[in-house]
Structure formats: C-alpha cells, structure tokens
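Residues per chain, in single letters:
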Amino acid sequence: MEEKEISQAVVARLPRYFRYLGELRDQGVERISSGELSVLMGVTASQIRQDFNNFGGFGQQGYGYNVDYLYHEIGHILGLDEEHQLVIIGAGNLGQALANYVNFEKRGFLVKGVFDVNEELVGRQLRGLEIMHIDRLESFMKEHKIDIAVLTVPKDGAIETAKRLADCGVKAILNFAHVDLNVPEGVQVENVHLSDSLMKLSYNIHRYENGHGS
C-alpha cells in the first residue's frame, strides 16, 4: 500500500482502539462491528470506519472486524511488534513512578537506564537499575541502542538535556517538562503537560456547572 500522510488526530486515536481491542480479545470476543465498537468507545461508527480506511479498512461487509487480527494490525501500525529501548532522565518521584510502570515492558518499551544530577539519588537501585549521574549519559547512549528518552527534569534543565539527547541520536522524547523543546527535524517529541490537563478538567467542570456553556 502506498504510504500516505495520516492526520495526527487519527494517530492519537489508535492507542485507544488498541486498548479496547485488547480488552475485547481478552474477553474472548472474536468479531465486532463498527457500530458495536462505537457504543463501547463513544466514537461514531462513521469515524471508526474512516480511521481504519486510512490503513486499508480491515473489515468485511456484513462481517465486521476480526478482533484478534485488527488488534495485531493496529499494534503493527503503532510499531508495537518491535522492542524500543528507553532511558529516563530525572529520577525524582515522577521518574521513579514511570520506571516502575510495568505496562511499559508489556508494550515493548524497555527501560535501560535512569539518570539524575542529584548525588543522593545516584547509585540507588530502581527496579534492578542503578541510577546513574547525568555525566554518564553520552557514554551510555553510545554503548546502547536507545530509541526514546523520557524527560522528567525541571524546566530549566530540559532544553539543554534535550539537545544532549538529540546529539546522542535519540529518535523520540516523551517530555514531561513544562517547556517547549527545540530539537532537530526527525526527533519526535510528545509533550505531556500535567497542569494543562488539570486546567482542561477545570474548564470542563466550570462549563458543566454553568449549564454546559449554554
């Protein structure tokens, strides 16, 4: 199939499809229609069909979707049939919580190293990994094939750290620092701004309590 540009809105929905299909698969469901999936997910059947048509459709008229097949196909599209090596930069509370998140490994994201500047943290064990000083970053990255870096450092150090990671050849950064990163073309960045999410929740609470904005 000829490669086509897929909108980021569609890409953003793929992990949710994958999660729901995984749950259906675990429940022993063998096939499902776009209408049935729409009820579960709160996405219109038309939207589901449009999203899947970006990748060839996957379904059969009058049959629906084979859950196991669709689960594996979306996993392939997301690159989950390959292992990704990652490092965590910042071993504070958030970094430690992410290092202990077992679903990373279940999805093929293997934490290979954890780094910090805090001498009180350096040398401690975290899920069998020794927390290393950030000064060892370049040599470690040179020795290991690291695809992804998770950045949980304070805002002030994030930009310089991101530059160091890009210089080391990292392909993607999951950025929890509340600052926009300037990285070379080809380095993918996913920003996770927790306070932004809380503000969106605050807006929706306010809107709901004031008559749904009417």
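Here we summarise the structure given alongside this text. Because the structure is predicted, anything quoted here is derived from the model rather than measured.

Criteria and thresholds
Residue positions are given per chain, counted from 1 along the sequence in the order it is written. Residue-level local features of this predicted model are given only where pLDDT is at least 70; pairs of side-chain atoms are given and counted only at 80 or more, and the full residue set underlies all totals for whole chains, interfaces and linings. Only hydrogens and water are set aside; all other atoms, that is, all heavy atoms of the structure, feed into the side-chain values. In DSSP terms, a helix is any run of H or I states spanning at least four residues, a strand is any run of E spanning at least two, and both are numbered starting from the N terminus. The method behind every accessible area is Shrake-Rupley, applied with a 1.4 Å probe, and residues are considered shielded solely by the protein chains displayed. Neither His nor the chain termini are counted; the positive set is Lys and Arg, and the negative set is Asp and Glu. To locate a charge, take atom NZ for lysine, CZ for arginine, CG for aspartate or CD for glutamate. For two strands to pair, DSSP has to find at least two bridges joining them. How far a helix is expected to stretch is found by multiplying one less than its residue total by 1.5 Å. The buried label goes to any residue with under 20% of its type's maximum accessible area, the exposed label to any with over 50%, and the partly exposed label to all in between, with areas taken from a 1.4 Å probe on protein chains only. For this analysis, residues touch if any pair of their heavy atoms sits within 4.5 Å. We call Phe, Tyr and Trp rings a pair once their centres come within 6.5 Å, taking the six-membered ring for Trp, and we label the pair stacked below 30 degrees between planes, edge-to-face above 60, and tilted otherwise. Each axis is a line fitted through C-alpha atoms, and for a helix only the stretch in contact is used; angles between axes span 0 to 180 degrees, taken between their N-to-C directions. Any angle that is under 35 degrees is reported as roughly parallel, and any over 145 degrees as roughly antiparallel; angles of 65 to 115 degrees are reported as roughly perpendicular and all others as oblique. Here a polar contact means two N or O atoms within 3.5 Å. Within protein one must be a hydrogen donor candidate and the other an acceptor candidate, and residues neighboring in sequence count only if both atoms are side-chain atoms. Asp, Glu, Lys and Arg are counted as charged, while Ala, Val, Leu, Ile, Met, Phe, Trp, Tyr, Cys and Pro are counted as nonpolar; the rest, among them Gly, fall into the polar class.

**Considering the overall build of the chain**
Across its full length, the chain carries nine helices and nine strands. Principal axes of the C-alpha set define a box for the chain whose edges measure 60 × 45 × 35 Å. Accessible surface, the chain as shown: approximately 13400 Å² in total, 49% of it carbon and sulfur. In the chain, 21 positive and 30 negative side-chain charges are present, and the distance between their average locations comes to 4 Å.

**Side note on the pairing of strand 6 (residues 129–133)**
In the sheet, strand 4 (residues 109–116) pairs with strand 6 via three bridges, with the strands oriented parallel. Across the sheet, residue Phe115 finds its bridge partner in strand 6, namely Met132. Alignment of strand 5 (residues 125–126) against strand 6, held across two bridges, turns out to be antiparallel. For Gln125, the partnering residue across the bridge sits in strand 6 and is Glu130.

**What to know about helix 1 (residues 8–26)**
Here helix 1 is 19 residues long and its end C-alpha atoms lie 28 Å apart, about the 27 Å a rise of 1.5 Å per residue gives. For helix 1, the set of buried residues is Val10, Leu14, Tyr17, Phe18, Tyr20, Leu21, Gly22 and Leu24. In the core, the buried residues of helix 1 are packed alongside strand 1 (31–32), helix 2 (34–41), helix 3 (45–53) and helix 4 (67–77). Of the residues trailing helix 1, Gly28 is marked for its positive phi of about 85 degrees.

**Notes on the packing of aromatic side chains**
Describing an aromatic ring pair means giving the distance of the ring centres and the angle of the ring planes. All told, the structure shown has seven aromatic pairs when counted by the stated rule. Residues Tyr101 and Phe104 carry aromatic rings whose centres are separated by 5.2 Å and whose planes lie at 90 degrees to one another, so their mutual orientation is edge-to-face. Classification of Phe104 as buried rests on a relative accessible area of 15%. An aromatic cluster of at least three residues, connected via ring pairs, comprises Tyr17, Phe52, Phe58, Tyr65 and Tyr69.

**Digging into the packing of helix 1 against helix 3**
Orientation of helix 1 relative to helix 3, taken along the N-to-C sense of each, is 105 degrees, at an axis distance of 11 Å. Our classification of the angle between helix 1 and helix 3 gives roughly perpendicular. Across the interface between the two elements, Val10, Arg13 and Tyr17 of helix 1 pack against Gln47, Ile48, Asp51 and Phe52 of helix 3.

**Overview of the side chain of Asn175**
Of note, Asn175 is situated in strand 8 (residues 172–175). Judged by relative accessible area, Asn175 falls into the buried class, the value being 0%. A polar side-chain atom of Asn175 sits 3.0 Å from the main-chain amide nitrogen of Ala177. A polar contact of 3.0 Å, which involves the side chain of Asn175, links it to the backbone oxygen of Val179. In this structure, Asn175 is in contact with Leu151, Leu181, Val189, Glu190, Asn191, Val192 and His193, ignoring residues within four places of it in sequence.

**Observations regarding the sheet that holds strand 7 (residues 148–151)**
The seven strands lie next to each other as 5-6-4-3-7-8-9, forming an open sheet whose pairing is mixed. In this open sheet, the two strands that pair with only one neighbour each are strand 5 and strand 9 (188–191). Packing against the sheet, helix 8 (residues 155–167) makes contact with strand 3 (84–89), strand 7 and strand 8, and its axis sits at approximately 170 degrees to strand 7.

**Comments concerning the environment of Val87**
Its place among the elements puts Val87 in strand 3. Take Val87: its relative accessible area is 0%, and that puts it in the buried class. Val87 sits 26 residues away from Gly113 along the chain, and the two C-alpha atoms are 4.7 Å apart. Dropping the residues within four chain positions of it, Val87 is found in contact with Gly113, Phe115, Phe140, Met141, Ile146, Ile148, Ala149 and Val150.

**Topic: the packing of helix 1 against helix 2**
Interhelical geometry of helix 1 versus helix 2 gives an angle of 105 degrees and a closest axis separation of 11 Å. Overall, the two elements helix 1 and helix 2 adopt an arrangement that is roughly perpendicular. Along the contact surface, helix 1 presents Arg16, Tyr17, Tyr20 and Leu24, while helix 2 presents Leu37, Leu40 and Met41. Taken together, the residues that form the contact of helix 1 with helix 2 break down as six nonpolar, no polar and one charged.

Remember that the coordinates give geometry; whether it matters functionally is a separate question.
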